[in-house]
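Observations on the three-dimensional arrangement
The primary structure of each chain is shown beneath.
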Amino acid sequence: MHINDAVFLEDLCPKFRLRQWRKSIHKFTGKSCIYCGKPSESIDHVLPRSQGGLSTTENCVPACLSCNGDKSDENALYWYRRQKFYDPRRAMAIRAWLEGDLRLALRLLQWANPNFQVRNTNYDNDEYKAA
Ligand SMILES: [Zn+2]
């Protein structure tokens, strides 16, 4: 019965859960685009939904509208390699993210951008303030 209850709760408030989840994705990178470092305004599916990509944290990264729109339905890693702002450290970060290793991904992002502050705490804190 406990499993059924959990499913029921999830069905009850999917919009709330989706909003919280989207927020948490942006928080991981301090609201910066994983590809170019500009402010992230959207969530990008690394493996596009049209190619079977799922809406899971591993497949969804914070992206600015420019990157998200330009990438469109392409595979993110192939697309990213052709960009003039390509940075191998960010490419490694994206790979780590895809493998579900967010800690490594954030460390690589910090390496790529020394101004980027990794926030290891308060991911669940709605009072989070961007620097
Ligand atoms: Zn971008």
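Treat the numbers as computed from the prediction; the structure is a model and nothing was measured. (Residues numbered from 1 in each chain as written. Predicted model: local features only at pLDDT ≥ 70, side-chain atom pairs only at ≥ 80, totals over all residues. Heavy atoms only, no water.)

Now for the packing of helix 5 (residues 88-98) against helix 6 (residues 102-112). Direction vectors running N to C along helix 5 and helix 6 enclose 165°, while the axes themselves pass 8 Å from each other. The angle between the axes of helix 5 and helix 6 places the two elements in the roughly antiparallel class. Of the two elements, helix 5 crosses helix 6, and the hand of that crossing is left-handed. Between helix 5 and helix 6, the residues in contact are R89, R90, M92, A93, A96 and W97 and L102, L104, A105, L106, L108, L109, W111 and A112, respectively. Looking at side-chain class alone, the contact of helix 5 with helix 6 contains 12 nonpolar, no polar and two charged residues. (Axes fitted to C-alpha atoms, helices over the stretch in contact; angles between N-to-C directions. Helix = DSSP H or I, 4+ residues; strand = E, 2+ residues; numbered from the N terminus. Parallel < 35°, antiparallel > 145°, perpendicular 65-115°, else oblique. Left-handed = near helix turned anticlockwise from the far one by under 90°. Contact = heavy atoms within 4.5 Å. Nonpolar A, V, L, I, M, F, W, Y, C, P; charged D, E, K, R; others polar.)

On to the coordination of the zinc ion, then. Only C33 (SG), C36 (SG), C64 (SG) and C67 (SG) from the protein coordinate the zinc ion, and they sit 2.3 Å from it. Angles of 103 to 116° at the metal separate the four donor atoms of the zinc ion, which places the site in the tetrahedral class. If you list the donors of the zinc ion from N- to C-terminus, the spacing comes out as C-x2-C-x27-C-x2-C. Across the pair, C67 and C64 agree in class, each one buried. (Donors = N, O, S within 2.8 Å, 3.2 Å for Na, K, Ca; no water. Tetrahedral: all angles 85-135°; square planar, octahedral: opposite > 155°, others 65-115°. Buried < 20%, exposed > 50% of the residue type's maximum accessible area, 1.4 Å probe, protein only.)

This part takes up the pairing of strand 2 (residues 60-63). Taken residue by residue, a regular strand's side chains alternate between the two faces of the sheet. Side chains of strand 2 alternate between two faces, with C60 and P62 and V61 and A63 buried alike. Sheet analysis places strand 1 (residues 42-45) next to strand 2, joined by four bridges and oriented antiparallel. Counterpart to D44 in the pairing with strand 2 is V61. (Pairing = 2+ DSSP bridges.)

For the structure shown, the criterion picks out three salt bridges. Among the ionic pairs, D44 bridges to K71, the shortest N-O distance being 3.1 Å. One end of the pair, D44, is in strand 1; the other, K71, is in helix 3 (residues 65-71), with 27 residues separating them in the sequence. The buried category is assigned to K71, whose relative accessible area is 1%. The partner of R82 in a salt bridge is E74, with the nearest N and O atoms 3.0 Å apart. (Salt bridge = Lys/Arg side-chain N within 4 Å of Asp/Glu carboxyl O.)

Any functional reading would require information that these geometric values do not contain.
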